[in-house]
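# Structure at a glance
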Amino acid sequence: MFTTLISPDELAARLADSSLVVVDVRHDLARPERWGEDQYRISHIPGARFAHMDRDLSAEKTGRNGRHPLPSPEAAAGMFGRLGVGPGTQVVAYDQGSGMFASRLWWMLRWLGHGAVAVLDGGFERWTREGRPVTADVPPAAHASFAAGRMEPTSSAAEIERAIADGTLSLVDARVAERFRGDVEPLDPVAGHIPGARNRPYPQNLNADLTFKPAEALRREFAAMLGDTPLANVVHYCGSGITACHNLLAMEIAGLHGTRLYPGSWSEWCAEGSRPVATGAERAR
């Protein structure tokens, strides 16, 4: 069973396995409506099905619940069933390369108690660079009975508001440093970060070829940032709950288990004008 990453070699050897479901989640935040699906229809890994970040992996936006609200467990379970994911299914998710979108699907399945899910290390870019097979053929519709198991806990804005004063949570922001500091904000109406957060931009999890760093390197880097903080007190967030999943995946690769996601992330946090906002670099601790 693959639970974090899978290599192109490992995936290629299993493409004919009937218990495997491959999901293409390529997406572009600047071209969200059609880009990923258009790329999928041009070519994809044989047998892969497509899941859209906004229509499949997010709930309807209200203006106060963030840019990629988390679906209800029932809605998410129905969506995974339509992708053909059942109790014994090994799922592999991939995006264009870095894993920033694939990690969202990875986290959602784990959130619902399905552990047999992995991200293709290096994504479609590595797959094609290595000369692996692709196709434009769309597989026939599938359906499986997906039921949520023991669900992983998440964090909420209310919990974080309570924790800011007493420091019981350690917040990790996955956005790039300029957005964390509030120098720029291309997507949300307010710039800055949640007070007390640390910044771990998700690209720091990657090598130059967009594969993940080795587990030992990731463990060393996260340990240097978090010190002796209990892992259950670590909460990840980003702009809208996508790239934060990349940090969650990186920590799992590192063997650092039990951290949580704040699904609404900055886009939900800043939608409520009464919540505190910090700017500038994080303070020394």
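Overview of the structure. (Residues numbered from 1 in each chain as written. Predicted model: local features only at pLDDT ≥ 70, side-chain atom pairs only at ≥ 80, totals over all residues. Heavy atoms only, no water.)

### A word on the overall build of the protein
On a plain count of helices and strands, the protein comes out with ten helices and nine strands. Along the first, second and third principal axes, the C-alpha set of the protein runs to 55 × 40 × 35 Å. Across the 285 residues in the protein, those meeting the buried criterion constitute 55%. Mean positive and mean negative side-chain charge positions of the protein (30 and 34 charges, respectively) differ by 1 Å. (Helix = DSSP H or I, 4+ residues; strand = E, 2+ residues; numbered from the N terminus. Buried < 20%, exposed > 50% of the residue type's maximum accessible area, 1.4 Å probe, protein only. Lys, Arg positive; Asp, Glu negative; His and termini not counted. Charge placed at Lys NZ, Arg CZ, Asp CG, Glu CD.)

### Things to note about the pairing of strand E5 (residues 117-120)
Where strand E1 (residues 5-6) lies against E5, two bridges are found, and the strand directions are parallel. Within the sheet, the bridge partner assigned to isoleucine 6 lies in E5 and is leucine 120. Judged from the three bridges that link them, strand E4 (residues 90-94) and E5 form a sheet pairing that is parallel. Within E5, the position partnered with valine 92 by the bridge is alanine 118. (Pairing = 2+ DSSP bridges.)

### Quick look at the packing of aromatic side chains
Within this structure, the stated rule accounts for four aromatic pairs. A centroid spacing of 5.6 Å and a plane angle of 10° characterise the contact between tryptophan 107 and tryptophan 111, whose relative ring orientation is stacked. One end of the pair, tryptophan 107, and the other, tryptophan 111, are both in helix H4 (residues 102-111), four residues apart, so they sit about a helical turn from each other. Of the two residues examined, tryptophan 107 and tryptophan 111, each falls in the buried class. One Lys or Arg, arginine 200, reaches over the ring of phenylalanine 222 and ends 4.5 Å from the middle of that ring. (Phe/Tyr/Trp six-rings, centres within 6.5 Å; stacked < 30°, edge-to-face > 60°. Lys NZ or Arg CZ within 6 Å of the ring centre and 35° of its normal.)

### Some words on the environment of arginine 14
Tracing the backbone shows arginine 14 in the loop between helix H1 (8-12) and strand E2 (20-24). Not counting chain neighbours up to four residues away, the residues in contact with arginine 14 comprise Phe2 and Leu20. (Contact = heavy atoms within 4.5 Å.)

### Quick word on the sheet that holds E2
In spatial order, the strands read E1-E5-E4-E2-E3; together these five strands make up an open sheet with parallel pairing. At either end of the open sheet lies a strand with only one pairing partner, and these are E1 and strand E3 (49-50).

### Notes on the nonpolar core
Residues Val23, Val25, Phe80, Val85, Leu105, Trp107 and Leu109 are the most contacted members of the largest nonpolar core, which totals 51 residues. Contributions of two or more residues to this core are made by E2, helix H3 (73-82), E4, H4, E5, helix H8 (215-226) and helix H9 (243-253). Residues contacting valine 85, with those up to four places away along its chain left out, are Val21, Phe80, Val91, Leu109, His114, Ala144, Ser145 and Phe146. Counting 15 residues, the second largest nonpolar core, distinct from the first, contains Phe2, Leu11, Ile45 and Ala48. (Core = buried A, V, L, I, M, F, W, Y, C linked by side-chain atoms within 4.5 Å.)

### Overview of the side chain of asparagine 205
Here asparagine 205 lies in the loop between strand E7 (198-199) and H8. Owing to a relative accessible area of 0%, asparagine 205 belongs among the buried residues under this scheme. Excluding residues within four positions of it along the chain, asparagine 205 makes contact with Arg200, Thr211, Phe212, Lys213, Leu218, Phe222, His246, Asn247 and Ala250.

### Regarding the sheet that holds E7
Strand order in this open sheet of four strands is E7-E6-E8-E9, and the pairing throughout is parallel. Edge strands, defined here as strands with exactly one partner in the open sheet, are E7 and strand E9 (260-261). As defined by bridge partners, strand E8 (residues 234-237) adjoins E9 across two bridges and the pair is classed as parallel. Within E9, the residue paired with histidine 236 across the bridge is leucine 261.

### Observations concerning H3
Every buried residue of H3 is accounted for by Ala76, Ala77, Met79, Phe80 and Gly81. Looking at the buried side of H3, the elements it contacts are H4. Positioned one or two residues after H3, glycine 84 has a phi angle of 95°, which is positive.

### Observations concerning the pattern of salt bridges
Applying the stated criterion to the full structure yields 24 salt bridges. A salt bridge links aspartate 38 to arginine 34; the nearest nitrogen and oxygen atoms lie 3.1 Å apart. As a salt-bridge pair, glutamate 272 and arginine 64 come within 2.4 Å of each other at their nearest N and O atoms. Taken together, the residues span a long stretch of sequence, with glutamate 272 in the segment after helix H10 (265-269) and arginine 64 in the loop between E3 and H3 at a distance of 208 residues. Given the relative accessible area of 24%, glutamate 272 is considered partly exposed. (Salt bridge = Lys/Arg side-chain N within 4 Å of Asp/Glu carboxyl O.)

### A closer look at the packing of H3 against H4
Two numbers describe how H3 lies on H4: the axes approach to 11 Å, and their chain directions differ by 115°. The angle between H3 and H4 places the two elements in the roughly perpendicular class. For H3 against H4, the interelement crossing comes out left-handed. Only Leu105, Met108, Leu109 and Trp111 of H4 make contact with H3, whose side of the interface consists of Pro73, Ala76, Met79 and Phe80. Tallied by class, the residues present in the contact of H3 with H4 amount to eight nonpolar, no polar and no charged. (Axes fitted to C-alpha atoms, helices over the stretch in contact; angles between N-to-C directions. Parallel < 35°, antiparallel > 145°, perpendicular 65-115°, else oblique. Left-handed = near helix turned anticlockwise from the far one by under 90°. Nonpolar A, V, L, I, M, F, W, Y, C, P; charged D, E, K, R; others polar.)

Geometric values such as these leave the question of function open.
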